2 protein chains.
Amino acid sequence: MGNRNIKMIIAYDGSRYAGWQRLKEEGSKRSIQAVMEEAISLSLKEEIKITGSGRTDKGVHALGQAVNFFCACQTGIEDIKEELQKLLPDDIAVLEIEEVSADFHSRKSAISKTYEYRFETSEVPSVFLRKQVYSIQKELDIKEMERAAGWLLGTHDFRGFSSEKREEYNTIRRIDRLTVFETVTTRHQREIKELRLLITGSGFLYNMVRIIAGTLLEVGEHKRAAEDIKKILTDKKREAAGMTLPPEGLYLKEVVYKSSI
Amino acid sequence: MGNRNIKMIIAYDGSRYAGWQRLKEEGSKRSIQAVMEEAISLSLKEEIKITGSGRTDKGVHALGQAVNFFCACQTGIEDIKEELQKLLPDDIAVLEIEEVSADFHSRKSAISKTYEYRFETSEVPSVFLRKQVYSIQKELDIKEMERAAGWLLGTHDFRGFSSEKREEYNTIRRIDRLTVFETVTTRHQREIKELRLLITGSGFLYNMVRIIAGTLLEVGEHKRAAEDIKKILTDKKREAAGMTLPPEGLYLKEVVYKSSI
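Just so we're clear, the structure is a prediction, and the values are computed from it rather than from any experiment.

J.: Help me out: how do you make sense of the overall build of chain A in this one?
T.: When helices and strands are counted, chain A shows five helices and 10 strands. Seen through its principal axes, chain A has C-alpha atoms that stretch 60 × 45 × 35 Å. Relative to all contacts within chain A whose residues are 6 or more apart in sequence, the contacts with residues 24 or more apart total 74%.

Structure, rendered in structure tokens:
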């Protein structure tokens, strides 16, 4: 392991992958981490271990995952990016690259993360977005969803909104922003209607964004009351919250670091 | 076969399919025609044969393929659409449905077709569009491409611009429009640059749009002169034209019929 610390912002279409984290035994779907480590090691001709800002689950996408790795190489930073882009499969892209100080750690130095969950609400779902949105084919009550979202803001114990398979002991997190908005775009000559959740926080427990999205979906469908959120936060029971929505609607959008790093 | 004639406009993501046309022996990839015939037959409980406006090759997409079929059923037209949408896989969608007169034939009655070929020119290709555009990672000389396109307009023998595997004897076709334009859109928080070819004509020979796109690409790269087009039309030799571009950039956009039908 060298002492140059390289930070990269990467994007990936998670559809083909087992998720970010390298698996002890890789199955038919590979991890993005393993694919990247192989490409970087091959490119720089030294064994590279890469650290991500956090895991993304099987099938989850990233528009701005932050990663870093140490290398001994002397290769220019833009050459590393260019070479790597040639070696990576076309569903993983390096968007930005920079050399950072030795104390930068893509997970530990992160101060906040933003995820987006995308519902397609068009009556006939787009055939081209089926692995990029969760299609529900109906409109939701956005006002009620916004009201429910309000209860989630701030610092809470989010145990009820996380999978029991989580590895974290501390289930306290802080949500700084949770916005619900609709978009209408034209793609492939058709009008695509979406409802999107944008959520920024200090960090997220295992499946937390997908469970929050599933709970807010039920609120938007009038299958539960907005006030349920308060009870889930108090009771801290997974079964009280909504279902874990499928991964194809979820995007890791941005990881924010202290500007001093 | 009944005497009700049903016309539908369908869209599909061609990535998973062997193309429109039913194959004698279906391989690992199925044909869209076979998948649709099964779904309609199952839905209407009678054996249905479906006719498309024309073939689309393996991997080619459709935004507005026109098809028709005859049935004996008495099911309401909107009910057919709704039921069918439930049975079809999520990469095939029924956009419109209507009952038409018995003499309507989706191939023979067509008076023109429009195809689009999409090049992504962004330096770092979008990870989400890789099966929906042909990524070339460079800008092209659009003026020269437009000049070359001019020679293709009108009625010509397009033998030189078609695969020798074509089944058609008559290789005369008419091109009514061939426009080249750039688009810049924001998707997944990134700027996506594209160059698109829009081509409308009386009909197209086997691989004709992809060979025209491949020839215009070489003109845009300054690998051949715009005037080459004239020579390819005169000499009628396939090897004189450019390469057949990959199917993922190609879309059947629209099929036009006489309004009287």
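J.: Please clarify how the domain arrangement of chain A should be interpreted in this entry.
T.: Accessible area lost when the parts come together is the quantity often used to give the size of an interface. All names here are of chain A. As far as domains go, chain A holds domain 1 (4-100) and domain 2 (112-257). Distance from the C-alpha centre of domain 1 to the C-alpha centre of domain 2: 27 Å. When grouped by side-chain class, the residues that make up the side of domain 1 that touches domain 2 number four nonpolar, nine polar and two charged.

J.: Help me understand the confidence of the model for chain A in this model?
T.: Low-confidence regions, as indicated by low pLDDT, have predicted coordinates that should not be scrutinised in detail. All names here are of chain A. When pLDDT is averaged across chain A, the result is 94; 99% of the residues are at 70 or more. Averaged pLDDT values for the elements of chain A fall to 94 in strand β8 (residues 172-187) and rise to 98 in helix α4 (residues 208-220). Quick note on the complex model: pTM equals 0.90, ipTM equals 0.86.

J.: Even after reading the chapter, I still don't get the interface of chain B and chain A, so can you show me in this structure?
T.: Between chain B and chain A, the contact holds 19 residues from the first and 19 residues from the second. Every element with two or more residues in the side of chain B that touches chain A is listed here: β1 (4-12) and β4 (92-100) of chain B. The element contributing the most residues to the side of chain B that touches chain A is β4 of chain B, with three residues. Its residues assigned to classes, the side of chain B that touches chain A comprises 10 nonpolar, four polar and five charged.

J.: Teacher, can you tell me more about the relation of the copies chain B and chain A here?
T.: For the pair of chain copies, the relating transformation is a rotation about an axis with a translation along it. Of the two same-sequence chains, chain B is brought onto chain A (RMSD 0.0 Å, axial shift 0.0 Å) by a rotation of 180°. Such a turn and shift between the copies fits a two-fold axis. Both copies contact each other with a shared surface, as 100% of the interface residues of chain B are interface residues in chain A too.

Calculation rules
The residue numbering used here restarts from 1 in each chain and proceeds along that chain's sequence as written. Both sets of labels track the order of writing: A upward for chains, 1 upward for ligands. For this predicted model, a pLDDT threshold of at least 70 governs which residues receive local features, and a threshold of 80 or more governs which side-chain atom pairs are given and counted, while totals over whole chains, interfaces and linings are taken from all residues. Strands here are runs of E lasting at least two residues and helices are runs of H or I lasting at least four, both read from the DSSP assignment and numbered beginning at the N terminus. Any residue pair is listed as a contact if its two C-beta atoms, each placed from the backbone, are within 7 Å. The source of the domain bounds is an automatic or database domain assignment. Residue type decides the class: Asp, Glu, Lys and Arg count as charged, Ala, Val, Leu, Ile, Met, Phe, Trp, Tyr, Cys and Pro as nonpolar, and the leftover types, Gly among them, as polar. Residue-level confidence of the predictor is summarised by pLDDT, bounded by 0 at the bottom and 100 at the top. Superposition of the copies used a least-squares fit over C-alpha atoms from residues whose pLDDT is at least 70 in both.

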